[in-house]
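Notes for the structure review
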Amino acid sequence: MDFTGKTVVVTGSARGIGQAIAERFATRGANVVISDLTEEDVNKTASEISGNAVGIKANVTSASDIEQLFEKTTEKFGRVDVVVNNAGITRDTLTIRMDEKDWDMVLDINLKGAFLVTKSAARIMMKQRYGRIVNISSVVGLTGNAGQSNYAASKAGLIGLTRSVAKELASRGVTVNAVAPGFIETEMTKTLPEAARQHFLERAVIKRVGNPDDIASAVLFLASDEASYITGQVLSVDGGLSIA
Ligand code: NAD
């Protein structure tokens, strides 16, 4: 898969899965935009990418940040071919104990953030008559998970967003798909107790935890020309967790 001359924006890409996705696109020739919450983090990660990368600070919950993100990207690279909605957080607890602010924060970043990014990117992609949008959902968006009702709702919401926007943009040459990762080793899962990790491992069909590169492989495929007849789909990359 060759992305030479293509421009790729990945939200929340200063570390973890987003960073691995950005790195992989860069090694395949893409111009990559590293976007995350702080100037320092985006510049550091962009400087470590082995390819053509720039850092642009943007909080996905801010409509003006996102407008600027795409203005700066088109100023620098002239177009936007691929957008990966990857920024996401967890605030886990049982629903009866969940503060309203933790519900709002998770929905704002994980779901509304993807809406704002999609809205800005879609305008550019429609004019180009070409684009690929890949949303990072989660296995728990398909199955639900006790202690993660806010997160699971946001990730299930992303699937509804994916399918709806796929229908809106297909005639303009834009595909919209989602990847649903299982348990992936990153900062996000580091904080989970060992029992949670063991629980996932017991249920998964493939007996190892996933790594960010497993997710990058799926994202690159869905963003490639080889996937031009695929839209509105959810690709599970979870070691079989969702079929167990
Ligand atoms: P991570 O915490 O390592 O990285 C998330 C990144 O998003 C961080 O760099 C963070 O600064 C950034 N971010 C947070 N809020 C933001 C905001 N408002 N605007 C811009 N950036 C923001 O987590 P990760 O494991 O790499 O997760 C990446 C994505 O994959 C998330 O959407 C997550 O829900 C999803 N996911 C992860 C797993 C897993 O097991 N790690 C499983 C399924 C889905």
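Now for a description of the structure that goes with this document. (Residues numbered from 1 in each chain as written. Predicted model: local features only at pLDDT ≥ 70, side-chain atom pairs only at ≥ 80, totals over all residues. Heavy atoms only, no water.)

1. Focus: the layout of surface pockets
What the largest pocket holds in volume is close to 1,200 Å³. Lining the largest pocket are 47 residues, with Gly88, Ile89, Thr90, Tyr151 and Met188 positioned closest to its centre. At the level of elements, helix 1 (16-27), helix 2 (39-48), helix 5 (139-143), helix 6 (149-169), helix 7 (187-190) and helix 8 (194-203) are the ones that each hand at least two residues to the lining of the largest pocket. Considering every element that reaches the lining of the largest pocket, the biggest residue donor is helix 8, with four residues. The residue makeup of the lining of the largest pocket, split by class, is 21 nonpolar, 18 polar and eight charged. (1 Å grid on protein atoms, 1.4 Å probe; cavity = no way out; pocket = protein on both sides within 12 Å on 5 of 7 lines; lining within 4 Å. Points joined across faces, edges and corners; volume = space filled by probe spheres on them. Helix = DSSP H or I, 4+ residues; strand = E, 2+ residues; numbered from the N terminus. Nonpolar A, V, L, I, M, F, W, Y, C, P; charged D, E, K, R; others polar.)

2. Considering helix 3 (residues 63-77)
Given 3.6 residues to a turn, an α-helix orients residues that are three or four positions apart in the same direction. Look at helix 3: 21 Å from first C-alpha to last across 15 residues, which is about the 21 Å you get at 1.5 Å a residue. Buried within helix 3 are the following residues: Ile66, Leu69, Phe70, Thr73 and Phe77. Down the axis of helix 3, the sector holding all buried residues measures 85°, keeping them to one side. Looking at the buried side of helix 3, the elements it contacts are strand 1 (7-11), strand 2 (31-36), strand 3 (52-57), strand 4 (82-85) and helix 4 (100-128). Looking one or two residues beyond helix 3, the residue adopting positive phi is Gly78, at roughly 85°. (Expected span 1.5 Å × (residues − 1). Buried < 20%, exposed > 50% of the residue type's maximum accessible area, 1.4 Å probe, protein only. Arc of directions from axis to C-beta. Contact = heavy atoms within 4.5 Å.)

3. Concerning the pairing of strand 6 (residues 174-181)
Burial analysis of strand 6 places eight of its eight residues in the buried class, which makes it a mostly covered element. Side chains Val174, Val176, Ala178 and Ala180 project from strand 6 onto one buried face, and the interleaved Thr175, Asn177, Val179 and Pro181 project onto a second face that is buried too. Relative to strand 6, strand 5 (residues 131-136) is paired through six bridges, and the arrangement is parallel. Residue Asn135 lies in a different strand from strand 6, and its bridge partner there is Ala178. Pairing analysis gives four bridges linking strand 6 to strand 7 (residues 234-237), with the strands arranged parallel. The residue bridging Pro181 from the neighbouring strand is Val237, located in strand 7. (Pairing = 2+ DSSP bridges.)

4. A closer look at the pairing of strand 4
Because side chains alternate across strand 4, one face comprises the buried residues Val82 and Val84, and the other comprises Val83 and Asn85, equally buried. As judged from the three bridges shared by strand 1 and strand 4, these two strands associate in the parallel manner. Paired with Val10 across the strands is Val84, a residue of strand 4. Pairing of strand 4 with strand 5 involves four bridges; the strand directions are parallel.

5. Some thoughts on the sheet that holds strand 1
Strands sit in the order 3-2-1-4-5-6-7 across an open sheet of seven strands; the sheet is parallel. Since the sheet does not close on itself, it has two edges, and those belong to strand 3 and strand 7, each with one partner. Here the average twist between neighbouring strands, direction ignored, is 20°. With five bridges connecting them, strand 1 and strand 2 associate as parallel partners. Bridge pairing in strand 2 links Thr7 to Asn31. Sheet strands in contact with helix 9 (residues 212-223) are strand 4, strand 5, strand 6 and strand 7, and its direction is about 165° off that of strand 6. (Axes fitted to C-alpha atoms, helices over the stretch in contact; angles between N-to-C directions.)

6. Examining the site of the ligand
Taken together, 27 residues form the shell around the ligand, and within it Arg15, Asp36, Asn86, Tyr151 and Thr186 come nearest. Between the ligand and Gly182, the relevant distance is 3.3 Å, taken from an oxygen atom to a main-chain nitrogen or oxygen of the residue. Contacts to the ligand include Thr186, whose side-chain N or O atom sits 2.5 Å from an oxygen atom. Against a free-state accessible area of 820 Å², the protein chains account for coverage of 94% of the ligand. When atoms are counted within 2 Å of each cavity's grid points, the one that captures over half of the ligand is the largest pocket. If you list the elements that add at least two residues to the shell around the ligand, you get helix 1, helix 6 and helix 7. (Near = heavy atom within 4 Å. Polar contact = N/O pair within 3.5 Å; in protein donor to acceptor, adjacent residues only side chain to side chain. Areas by Shrake-Rupley, 256 points an atom, 1.4 Å probe, with all protein chains shown as cover. Sits in = over half its atoms within 2 Å of the grid points.)

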